[in-house]
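Residues per chain, in single letters:
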Amino acid sequence: MVGTVTAIYRYPVKGLSAERMDRVALMPGQCLPHDRRFAIALGSTPFDPQRPEWLSKIHFIMLMRDEKLARLETRFDAESGVLTIAENGRVLLRERMTERGGSKLVAEFFAGSSGQP
């Protein structure tokens, strides 16, 4: 059996927009680069940075529960670490997710839009 890949997508932030990849280098035994690199936890999510562990998706923002996410278009620039959040073509937030201050502002944006702490 021969398979053909016709499209490949990554989700840099779990639960947000998919990004179509024009081309990507895949390595045996490795994940798709930057796929689900980030996730935005709910304020009620227990997290110990000294002993991080895998958590199910119910602990994070997700389209299945947070329908308002469908209105947002997000893009992640892996080189700069910048996440851009837009709605109807208007940029609402552009922050460097790879820096503490930027990731905090992204978390605050979603806390404000979801009503969740």
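A quick note: this is a predicted structure, and the numbers were derived from the prediction, not measured.

Analysis parameters
Residues numbered from 1 in each chain as written. Predicted model: local features only at pLDDT ≥ 70, side-chain atom pairs only at ≥ 80, totals over all residues. Heavy atoms only, no water. Core = buried A, V, L, I, M, F, W, Y, C linked by side-chain atoms within 4.5 Å. Buried < 20%, exposed > 50% of the residue type's maximum accessible area, 1.4 Å probe, protein only. Helix = DSSP H or I, 4+ residues; strand = E, 2+ residues; numbered from the N terminus. Contact = heavy atoms within 4.5 Å. Pairing = 2+ DSSP bridges. Axes fitted to C-alpha atoms, helices over the stretch in contact; angles between N-to-C directions.

A.B. asks: Would you explain the nonpolar core in this entry?
C.D. replies: The nonpolar side chains of soluble globular proteins are, as a tendency, buried together. Grouped together as the largest cluster of nonpolar side chains are 16 residues, with contacts concentrated most on I85, V106 and F110. Contributions of two or more residues to this core are made by β3 (72-77), β4 (82-87) and α1 (100-114). The residues contacting V106, other than those within four sequence positions of it, are I40, L83, I85, L93, E95 and M97.

A.B. asks: How should I be thinking about the environment of A41 in this particular structure?
C.D. replies: If you trace the backbone, A41 turns up in the loop between β2 (19-20) and β3. Separated by 69 residues in the primary sequence, A41 and F110 place their C-alpha atoms 9.8 Å from one another. The residues contacting A41, other than those within four sequence positions of it, are H59 and F60.

A.B. asks: I tried to follow the pairing of β3 on my own but got confused; where do I start?
C.D. replies: Burial of the side chains of β3 is restricted to one face: L72, T74 and F76 are buried, whereas none of E73, R75 and D77 on the reverse face is. Here β3 runs beside β4; their pairing, made up of 6 bridges, is antiparallel. From the neighbouring strand, F76 faces β4, where its bridge partner is L83. Hairpin geometry of β3 and β4 is characterised by an intervening segment of 4 residues between the two adjacent antiparallel strands and by a positive phi of about 80 degrees at G81.

A.B. asks: So what exactly am I meant to see when it comes to the sheet that holds β4 here?
C.D. replies: Remark on secondary structure: sheet strands pair via backbone hydrogen bonds, oriented parallel or antiparallel. Strand order in the open sheet formed by 3 strands is β3-β4-β5, with antiparallel pairing between adjacent strands. Every interior strand has two partners, whereas the edge strands, β3 and β5 (90-96), have only one. Sheet twist, expressed as the mean angle between neighbouring strand axes with direction ignored, is 15 degrees.

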